[in-house]
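Chain by chain, the residues run as shown.
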Amino acid sequence: MSSTALTFPASFTFGVATSAYQVEGGIENDWAEWERQGKLKEPHARCGLAVDHWRRYAEDYALAKAVGATAFRLSLEWARIEPERGRFDGAALEGYRERLLKMRAQGLRPVVTLHHFTHPTWFHASTPWHLPESLEAFRQYVRRCAPLLEGLDALVISFNEPMVLLLGGYLQGLMPPGIADGAKTMAALGNMVRAHVIAREELGQHLGRVELGISQNMLAFTPDRWWHPLDRSLVRLAAPAYNHAFHEALSSGHLRVFMPGVASTDVRIEGARDSVEFVGVNYYTRAHLRFMPRPPFIDFKYRDPDGRGLTDIGWEQRPEGFLQLLQEVKRYGKPVWVTENGIDDRKGTVRPEYLHAHLRQVLAAREAGVDVQGYLYWSLLDNFEWLEGWGPRFGLYHVDFDTLERRPTPACDYFREVATGRVLVPPASVAGVASAQPSAAR
Ligand code: BGC
């Protein structure tokens, strides 16, 4: 890469990402129920107060500013806003509006996710995503959210990682609502695309113009045994289905998944064509796919063939896969936002180099003509990590889970240096970060 290619233009946005349930605290929803049923890895773990962001939000916005962020991704918690079906909580709505205005006033552009995995407890009991009634329920919710976004120039994300919810919650039954049914999964998939169209209608009616997209979890896939024809076929089928079905549907209007023996669908969705202003990419790792002779036929593993060291949660570090996926989404002809990228690094020593390696791929993608406009680090703070509970630490800021005190990790200095200096320097050249670097290949 040329030296100019190591520079971010002034228009490029650096920001941080969070989600309501993982940080706010005091939320009663389908995940809280799931926890009470003992279904996390550690059966006694509870999200509870999370990291108390609902009360400490002003402090947390200041922490985001302190690392040079100019955008802040948050999600609205449906269960807080509509705790019982049809009863909308005015105080919760006002609370969000107040937070969004404060964020804006502090120079942080809000990136607002309407749906980040969680639901009010009544939702699955009466209108789960595989039923058409889910659409009206979502419409009513979005209608109440729309006024919160007025005058903010926010980016809006309808759904965070819908494929993760569908696979985890509807196909494998590992997260709420705990359904394991291929036909219901495909019905829910179609309805979530329809719900995105509904969000567009409702926000458009209220706000006129809206910058809407989805955040899609994208994995770099590779055959576990490079020489095995069935592992290779799996990659050819899974990559378009997992990574692109949503992007494709919201671009062409055609929803297609073809995974014989697992789940397939092929349908046109009215209104879905050209229904995003940007493409949201969440990137973490690569998955090695292996064909299994019995249903569900697919097994996937994280491996470390390049010797960079698996992350603490056990994921491969594979920055090259990031570039590949950013290049793949160029085909949709829209601006691209990295809506999540980050590492579970419990000592905080590997994160600066992880950031460096991944931001380099963002620059390489831009040089290759991909219009990447922003990068949101996941996450501002250590937080509640779903089925993994309180083990992983993705935060730029370390949180003491007993006292809730926030403390910068070495990556804060590094992030600030790049976000404000606009030049991608190696971590070793940033004072205070160099000494924190681990030795060897990590
Ligand atoms: C999710 C986040 C999660 C992160 C790390 C993404 O899949 O959107 O909620 O914390 O990955 O696992």
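Keep in mind that what you see is a predicted model, and the values were worked out from it rather than measured.

Q: Can you explain the nonpolar core? Please cite residues and give values.
A: Generally speaking, soluble globular proteins have nonpolar side chains that are buried together. Among the nonpolar cores identified, the biggest contains 136 residues, and Trp129, Tyr375 and Leu396 are the most heavily contacted of them. Here this core takes 10 residues from helix H9 (residues 182-207), the largest share from any one element.

Q: Quick one: what's the story with the site of the ligand, residue by residue and with numbers?
A: Surrounding the ligand, one finds Gln22, His116, Phe117, Asn160, Glu161, Tyr284, Trp315, Glu340, Trp378, Glu385, Trp386 and Phe394. The side chain of Gln22 places a nitrogen or oxygen atom 2.8 Å from an oxygen atom of the ligand. Here an oxygen atom of the ligand sits 2.9 Å away from a polar atom, N or O, in the side chain of Trp386. Surface burial for the ligand is 94%, taken as the share of its 310 Å² of free accessible area covered by protein chains. Taken together, the residues that form the shell around the ligand break down as six nonpolar, three polar and three charged.

Q: Residue-level account of the pattern of salt bridges, with values.
A: The final tally for this structure, using the stated rule, is 30 salt bridges. When the shortest N-O distance is used, the salt bridge between Asp60 and Arg406 registers 2.9 Å. A residue pair is termed long-range when its members are at least 10 positions apart, and Asp60 in helix H3 (residues 53-66) and Arg406 in strand S13 (residues 406-408) qualify at 346 residues. Judged on exposure class, the residue Asp60 and its partner Arg406 are both buried. With a closest N to O distance of 3.0 Å, Glu340 and Arg73 form a salt bridge. Taken together, the positions of Glu340 in strand S10 (residues 336-341) and Arg73 in strand S2 (residues 71-75) put the pair 267 residues apart, joining distant regions of the chain.

Q: Mind laying out the pairing of strand S5 (residues 211-223), listing which residues take part and the relevant values?
A: The buried fraction of S5 amounts to 12 of the 13 residues, a majority that puts the element mostly inside the structure. As paired elements, S5 and strand S8 (residues 279-291) share eight bridges and run parallel to each other. Its bridge partner lying in S8, Phe221 is registered against Ala287.

Q: Summarise the side chain of Glu340; cite the residues concerned and give the values.
A: Residue Glu340 is classed as buried on the basis of its relative accessible area of 4%. Not counting the four nearest positions on each side in its chain, Glu340 is found in contact with Arg73, His116, Asn160, Glu161, Val281, Asn282, Tyr283, Tyr284, Leu376 and Trp378.

Q: So what's going on with the state of the cysteines? Residues and values would help.
A: Counted under the stated rule, the structure contains zero disulfides. Cysteine Cys145 shares no disulfide, and the gap to the nearest cysteine sulfur, in Cys47, comes to 20 Å. Under the relative-accessibility criterion, Cys145 is labelled buried at 0%.

Rules of the game
- Residues numbered from 1 in each chain as written.
- Predicted model: local features only at pLDDT ≥ 70, side-chain atom pairs only at ≥ 80, totals over all residues.
- Heavy atoms only, no water.
- Core = buried A, V, L, I, M, F, W, Y, C linked by side-chain atoms within 4.5 Å.
- Buried < 20%, exposed > 50% of the residue type's maximum accessible area, 1.4 Å probe, protein only.
- Helix = DSSP H or I, 4+ residues; strand = E, 2+ residues; numbered from the N terminus.
- Near = heavy atom within 4 Å.
- Polar contact = N/O pair within 3.5 Å; in protein donor to acceptor, adjacent residues only side chain to side chain.
- Areas by Shrake-Rupley, 256 points an atom, 1.4 Å probe, with all protein chains shown as cover.
- Nonpolar A, V, L, I, M, F, W, Y, C, P; charged D, E, K, R; others polar.
- Salt bridge = Lys/Arg side-chain N within 4 Å of Asp/Glu carboxyl O.
- Pairing = 2+ DSSP bridges.
- Contact = heavy atoms within 4.5 Å.
- Disulfide = S-S within 2.5 Å.

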